[in-house]
Amino acid sequence: MSGDLGDARAGFGEAVRSEWTKFRTVRSTVGVTVALGAALPLLAAVVAATGSLQPDDTILGASLLGGAVLAQLTAAALGALVVTGEFRTGMIRTTLTACPRPLVVLAAKATVVAGVVAAVTAPSAVAAFGIGRVLLDGDGYATGDPFPALAGVVLAITAIGVLGVGVGSMVRHSAGAIAAVVGVVLVPGLVAPLLGDVERWVGGASLNGVLQKMTQSSDATPEAVGSLGAWLSLAVVAAYTLVTVGGAVWLLRSRDS
Amino acid sequence: MIDVQGLTKRYGRTPAVDDLSFTVRPGRVTGFLGPNGSGKSTTMRVILGLDRPSSGTATVNGRPYRSLRAPLREVGALLDATALHGGRRAADHLLALAHSNRLPERRVGEVLDLVGLSDVAQRRAGAFSLGMRQRLGIGAALLGDPSVLLFDEPVNGLDTEGIRWIRDLLRRLAAEGRTVFLSSHLMSEMELTADHLVVIGRGRLIADTTVTEFIDTHTRPVTVVRSPRGADLLAGLEAAGAVVAPDPGGGWRVTGMSAATIGDLAHHHAVPLHALHPLRSTLEEVYTRLTTTSVEYRALPPTDAAPTEAVAR
């Protein structure tokens, strides 16, 4: 009835291709991606134009920190949306019927989200730094070392997108998932200062702590974010992202869809 | 071929499917009948690897669904026509599925033609009527040209023309040698579409047989008779042990006696017959009789306020 249908095996590559097709054919994911790209340059322009930085801040930190929080939240929402949108509509059952391996499905979703977030955030982080340099040049601020710090910022935001996929798959509801990831992103910064000596541990393992260290911000004191290096802190973030996704795979395997 | 052996699925402590075993063979349409809540959808979800069985097995072409590497090429399924992202265009929905199983993109256009949705391929599925979504779901099921097809209530939301279309499609797919497994609560539809029946109630197997045999086995012969000497005929029939009741169309309905015996009896008593018409029970009647004990939710008379048994989902 349909002629030759070609090779009969499909694996991770096909799952990624399918997830990418799904990603680019729905308005919500495309819209959030645009917002993600705009976050860093927009906030860099606002911070520089309003002069909202401390005298000992670096241009790098001023250009990226405000936008990075926004970008993290947007990336988290994007990651969650890719999964919860399917649970909301029931599409997940169609997806799991086409690819009955939850690990492959979630890994493919995480790959697409990571790829999109990194591809969008990298140029927008460079643009944000460029905007900061143009607007703040000659105002007496230290520039800061942009490389490899910018790559670290991009990786941290990418990790949060993947975390969104994992949390979205566990929570299954958009609002709940986004609230949970917002909590992970923002709560350490709110609570850590109340914890005395423990602050450095909480702050050091928090996403914002990673970004502060990466951008050599004046906020990144050992008291606030501990003495772990920026890249080690990033590794901690990557580790709990992977644990979250692993938990999501385990849940998807054991729960009925 | 679909093979279900000793399948039990519990939600909490309530068994939705209880030690169910049956085989769905290729080359014919097998109907899956049961009242709402009897476990049809649960059984189909377990076959497709979406729900995990509490015990027992379900295999497709001899393998558990979750072990299939490109399942759309072996099994096509329509469980819930609304289970798609309403913001995605119909063609894109099918394209994503085609990519997932490394199917050529030309299949998208082919199945859209097949289900008659080519004109609306670029419209978002959220704007589709239920009937159009059913067609899209059927298109998705046929995307990989699979040898096994499962449809859960596929005629839901279809108009008369659509129902005839799907009936012909299912029969054609079975005639091509495919395994076609179709659930429905519309008995009349099953009678026209299915060759074989798997009947369940409360998650248990009630019958696994051909449609004809199912009706023949469970039919009590009923014959409509008319006679200008009705009273004499009635007396003769009742004396011979038949149960006679007035027929709404005039004449009498005779149960417990074959048409041939009734004719002989009339001859013996020299009573003229104006009608001797055996009635074949419809599948609906047989089915209703068989499953009345299995209906989970039955309307109770107000005096009998005993709580009905709750069932998960």
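On a predicted model such as this, the values are computed, not experimentally measured, just so you know.

**Q** Explain the overall build of chain B to me, using residue names and the numbers behind them.
**A** Tallying secondary structure elements over chain B gives ten helices and 13 strands in all. Expressed along its principal axes, the backbone C-alpha trace of chain B runs to roughly 75 × 45 × 40 Å. Counting only residues that meet the buried cut, chain B has 42% of its 313 residues in that class. Long-range contacts, defined here as pairs at least 24 residues apart, represent 70% of the contacts in chain B between residues at least 6 apart.

**Q** If you had to explain the sheet that holds strand β6 (residues 148-152) of chain B to someone new, which residues and values would you point to?
**A** Residues and elements named next belong to chain B. Overall, mixed pairing links the six strands, which are arranged β5-β6-β7-β3-β8-β9 in an open sheet. Each of the sheet's edge strands pairs with one partner strand only, and the pair in question is β5 (75-78) and β9 (204-210). Direction aside, the axes of adjacent strands within the sheet are offset by 15° on average. Where β5 and β6 come together, four bridges link them in parallel fashion. Bridge assignment links Val75 to a residue of β6, and that residue is Val148.

**Q** I'd like to hear about the pairing of β9(B), residue by residue, with values.
**A** Residue and element names in this part refer to chain B. Pairing of strand β8 (residues 196-201) with β9 involves six bridges; the strand directions are antiparallel. Along β9, the bridge assignment pairs Val198 with Asp208. Between β8 and β9, which follow one another and run antiparallel, lie two residues, and Arg202 among them has a positive phi close to 50°.

**Q** Describe the sheet that holds strand β10 (residues 222-226) of chain B, and please don't skip the residues or the numbers.
**A** All names here are of chain B. Judged by pairing direction, the sheet is antiparallel, and its four strands sit side by side in the order β11-β12-β10-β13 without closing on themselves. Both outer strands of the open sheet, β11 (243-246) and β13 (275-279), are each paired with one neighbouring strand and no more. Taken pair by pair, the neighbouring strands of this sheet meet at an average axis angle of 25°, ignoring direction. Sheet topology places β10 next to β13; five bridges connect them, and they run antiparallel. Its bridge partner lying in β13, Val224 is registered against His277. This element, helix α9 (residues 259-268), spans β10, β12 (252-255) and β13 of the sheet and lies at about 160° to β13.

**Q** I'd like a description of the interface of chain B and chain A, backed by residues and values.
**A** Counting from both sides, the interface comprises 39 residues of chain B and, opposite them, 31 residues of chain A. Listing elements by their share of the side of chain B that touches chain A, those giving two or more residues are α2 (90-100) and α3 (106-114) of chain B. Here the side of chain B that touches chain A gets six residues from one element, more than from any other, and that element is α2(B). Of the residues contributing to the side of chain B that touches chain A, the split by class is 16 nonpolar, nine polar and 14 charged.

**Q** So, the environment of A:Ser52: which residues are in play, and what are the values?
**A** Residue and element names in this part refer to chain A. When you line up the elements, Ser52 lands in the loop between α2 (27-50) and α3 (59-89). A tally of 12 C-beta atoms within 10 Å means that Ser52 is categorised as exposed. Each C-alpha atom of the pair Ser52 and Val16 lies 42 Å from the other, and the pair is 36 residues apart in sequence.

**Q** So what's going on with the domain arrangement of chain B? Which residues, and what values?
**A** Under the domain assignment used here, chain B contains domain 1 (2-210) and domain 2 (220-279). Put simply, the middle of domain 1 of chain B and the middle of domain 2 of chain B, counted by C-alpha atoms, are 46 Å apart.

**Q** Pulling in residues and values, what's your account of the nonpolar core?
**A** Grouped burial of nonpolar side chains is what soluble globular proteins tend to show. In terms of nonpolar packing, the biggest core is built from 150 residues, with A:Leu64, A:Ala76, A:Val153, A:Ala156, B:Ile47 and B:Leu94 touching the most fellow members. The contact partners of B:Ile47, leaving out residues within four places of it in the chain, are B:Ile2, B:Val4, B:Ala58, B:Val60, B:Tyr65 and B:Leu150. One finds B:Leu233, B:Ala242, B:Val254 and B:Val271 within the second-largest nonpolar core, a separate group that totals eleven residues.

**Q** Outline the packing of α2(A) against helix α5 (residues 102-136) of chain A, supporting the account with residue identities and numerical values.
**A** Residue and element names in this part refer to chain A. Packing of α2 against α5 leaves a shortest axis separation of 8 Å and a crossing angle of 15°. By the angle class used here, α2 and α5 are roughly parallel. In the crossing of α2 with α5, the sense of the turn from one axis to the other is right-handed. Listed contacts from α5 to Thr33, Leu36, Gly37, Leu40, Pro41, Ala44, Ala45, Ala48 and Ala49 of α2 are Val116, Val117, Val120, Thr121, Ser124, Ala125, Ala127, Ala128, Ile131, Gly132, Leu135 and Leu136. Grouping the constituent residues of the contact of α2 with α5 by class yields 16 nonpolar, five polar and no charged.

**Q** So what's going on with the pairing of β8(B)? Which residues, and what values?
**A** All names here are of chain B. Counting buried positions along β8 gives six out of six residues, so the element sits mostly inside the fold. Burial along β8 is two-sided: His196, Val198 and Ile200 and Leu197, Val199 and Gly201, pointing in opposite directions, are all buried. Two strands pair when backbone bridges link them, and strand β3 (residues 28-33) and β8 are joined in this way by four bridges, in the parallel orientation. Paired with Phe32 across the two strands is Val198, which belongs to β8.

**Q** Account for the environment of A:Ala128, naming residues and giving values.
**A** Residues and elements named next belong to chain A. Mapped onto the elements, Ala128 comes out in helix α5. The exposure class of Ala128 is buried, given the 31 C-beta atoms found within 10 Å. On a C-alpha basis, the gap between Ala128 and Ala15 in space is 34 Å, while along the polypeptide they are 113 residues apart. Residue contacts for Ala128: discarding those within four places in its chain leaves Leu40, Pro41, Ala44, Ser63, Leu64 and Gly67.

**Q** Account for the packing of α3(A) against helix α9 (residues 207-214) of chain A, with residues named and values stated.
**A** All names here are of chain A. In the contact formed by α3 and α9, the axes pass within 10 Å of each other and the chain directions differ by 145°. As α3 runs across α9, the sense of the crossing is right-handed. On α9, the residues that touch Leu65, Ala68, Val69 and Gln72 of α3 are Leu207, Asn208, Leu211 and Gln212. The residue inventory of the contact of α3 with α9, partitioned by class, reads five nonpolar, three polar and no charged.

About the thresholds
- Residues numbered from 1 in each chain as written.
- Chains lettered and ligands numbered in written order.
- Predicted model: local features only at pLDDT ≥ 70, side-chain atom pairs only at ≥ 80, totals over all residues.
- Helix = DSSP H or I, 4+ residues; strand = E, 2+ residues; numbered from the N terminus.
- Buried ≥ 20, exposed ≤ 12 C-beta atoms within 10 Å, placed from the backbone.
- Contact = placed C-beta atoms within 7 Å.
- Pairing = 2+ DSSP bridges.
- Axes fitted to C-alpha atoms, helices over the stretch in contact; angles between N-to-C directions.
- Nonpolar A, V, L, I, M, F, W, Y, C, P; charged D, E, K, R; others polar.
- Domains from an automatic or database assignment.
- Core = buried A, V, L, I, M, F, W, Y, C linked by C-beta atoms within 7 Å.
- Parallel < 35°, antiparallel > 145°, perpendicular 65-115°, else oblique.
- Left-handed = near helix turned anticlockwise from the far one by under 90°.

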